[in-house]
Amino acid sequence: MTTSYRSVPVRPSEITPHSLYLSRREFLKAVGITTASTLLAACAPKTVGLTASPIKKDEFGDSANSFEDITHYNNYYEFSENKKAVNQLSRDFKGHPWIVEVYGLVRHPKRYAIEDLIRNFPQQERIYRLRCVEAWSMVIPWMGFPLASLLKEVEPTSEAKFVRFETLLDADQFPHQGSHLYPWPYREGLRLDEAMHDLTILATGLYGQSLPNADGAPIRLVVPWKYGFKSIKAIVKIELVAKQPGTFWRTINRKQYGFYSNVNPDPTSSRWSQAYERRIGELSHRPTLPFNGYAEQVSDLYKGMDLIENY
Ligand SMILES: Nc1nc2c(c(=O)[nH]1)N[C@H]1C(S)=C(S)[C@@H](COP(=O)(O)O)O[C@H]1N2
Ligand SMILES: [Mo]
């Protein structure tokens with residue numbers, strides 16, 4: 001199987017001088033920039049013009065959306081159902097201190113402080129497209145690390161077949177969690193082999209900065225071949241389980257939201273047509289690709305499965 005996804009080390013010019021949780025030196029170390037010369041170069045003052053970074057592109061040649069777009073058009077129901085209101089409403093969210101608990105069917109259950117997750121797992125840049133069921137998409141330059149590296153550390157037992165994720169439950173921080181119309185906390189799940197796939201990451205930043213609140217600070221899942229709602233934000237719990245876990249959206253509407261939710265342009269796979277999408281920032285529509293364009297890397301996971309039945 002080829003792995004043609006983009007996994008590029010971050011250039012010093014792309015790192016803004018602030019990471020919320022690590023000093024600049026620690027952050028550079030975390031992203032693997034360790035030699036004296038690159039450290040020196042990284043500390044040199046920016047020369048306007050010379051270091052203006054080129055527009056980032058994904059492996060398909062599509063340009064990344066702007067930081068402004070990525071942080072001002074967000075599905076984040078804990079704050080609001082209005083995508084344009086989330087940025088303002090999430091401004092005071094406290095993503096620090098933050099603990100992620102990894103437990104269940106594992107040999108070494110562990111509670112990780114967010115700064116240790118950033119420091120101890122090498123952070124990489126992954127430029128992925130995100131496709132929402134609402135038929136819009138974006139290209140986002142994430143910073144993060146494969147979920148697999150975390151799971152390998154806690155060692156799932158042979159009974160573990162699925163991974164269950166949970167968002168923070170805190171109505172003081174999340175105004176819309178006061179609404180009893182929703183089954184809070186937000187929950188999601190993956191089959192263990194999907195969770196272990198190298199494309200699946202825990203994102204801790206984007207555009208070389210720590211993760212903006214609107215995008216799920218301090219840590220969120222990103223599964224690029226699935227609809228955006230699978231990529232759960234502000235994670236506090238990761239549990240290894242034997243049975244397919246329930247999810248937030250399936251609790252609300254079981255027919256509409258499948259457990260797998262792989263991006264699929266086939267109109268029979270959903271109540272709404274998923275054939276086309278609008279890239280935020282563009283006017284025209286483009287065809288949606290099977291597995292959001294990542295079929296070559298992930299279709300093996302579903303060999304022999306009926307993807308209409310298992311939507
Ligand atoms: N906790 C939580 N996670 C969530 C959501 C949410 O409402 N709450 N919305 C999902 C949906 S529908 C999408 S499309 C993506 C949007 O991610 P973005 O705002 O970083 O683009 O987040 C997903 N993760
Ligand atoms: Mo979405």
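The structure we're discussing is the one just above.
Keep in mind it's a predicted model, so treat the numbers as computed, not measured.

Criteria and cut-off values
- Residues numbered from 1 in each chain as written.
- Chains lettered and ligands numbered in written order.
- Predicted model: local features only at pLDDT ≥ 70, side-chain atom pairs only at ≥ 80, totals over all residues.
- Heavy atoms only, no water.
- Helix = DSSP H or I, 4+ residues; strand = E, 2+ residues; numbered from the N terminus.
- Contact = heavy atoms within 4.5 Å.
- Areas by Shrake-Rupley, 256 points an atom, 1.4 Å probe, with all protein chains shown as cover.
- Pairing = 2+ DSSP bridges.
- Core = buried A, V, L, I, M, F, W, Y, C linked by side-chain atoms within 4.5 Å.
- Buried < 20%, exposed > 50% of the residue type's maximum accessible area, 1.4 Å probe, protein only.
- Near = heavy atom within 4 Å.
- Polar contact = N/O pair within 3.5 Å; in protein donor to acceptor, adjacent residues only side chain to side chain.
- Nonpolar A, V, L, I, M, F, W, Y, C, P; charged D, E, K, R; others polar.

1. Points about the overall build of the chain
- When helices and strands are counted, the chain shows nine helices and 12 strands.
- Taking the contacts inside the chain whose residues are at least 6 apart along the sequence as the reference set, 70% of them involve residues at least 24 apart.
- Put simply, the chain shows about 14,300 Å² of open surface, and 55% of that area lies on carbon and sulfur atoms.

2. Concerning the pairing of strand β2 (residues 110-113)
- Strand direction decides the pairing type here: strand β1 (residues 99-104) and β2, joined by four bridges, are antiparallel. Bridging across to β2, Glu-101 finds its partner in Arg-111.
- Connecting the antiparallel pair β1 and β2 is a turn made up of five residues.

3. Quick word on the nonpolar core
- In terms of nonpolar packing, the biggest core is built from 74 residues, with Trp-142, Leu-150 and Ile-238 touching the most fellow members.
- The contacts of Ile-238, once residues within four sequence positions are left out, are Val-100, Glu-101, Val-102, Tyr-103, Leu-147, Leu-150, Val-163, Arg-164, Phe-165 and Leu-202.

4. Quick word on the site of ligand 1
- Taken together, 18 residues lie around ligand 1, and Tyr-77, Glu-78, Asp-215, Ser-231 and Lys-233 are the ones closest in.
- In this structure, Ser-231 approaches ligand 1 through a main-chain N or O atom, which is 2.9 Å from a nitrogen atom.
- A distance of 2.7 Å is found between an oxygen atom of ligand 1 and a side-chain nitrogen or oxygen belonging to Lys-233.
- Protein coverage of the free-state accessible area of ligand 1, which is 540 Å², stands at 99%.
- In the shell around ligand 1, the residues fall into nine nonpolar, five polar and four charged.

5. Some points on the pairing of strand β10 (residues 235-241)
- In terms of residue burial, β10 counts as a mostly covered element, since six of its seven residues are buried.
- With four bridges joining them, β1 and β10 adopt parallel strand pairing. Each residue of the ladder has a partner; that of Glu-101, found in β10, is Lys-237.
- Relative to β10, strand β5 (residues 162-167) runs antiparallel, the two being bridged by six bridges.

Such coordinate-based values are descriptive only and should not be taken to indicate function.
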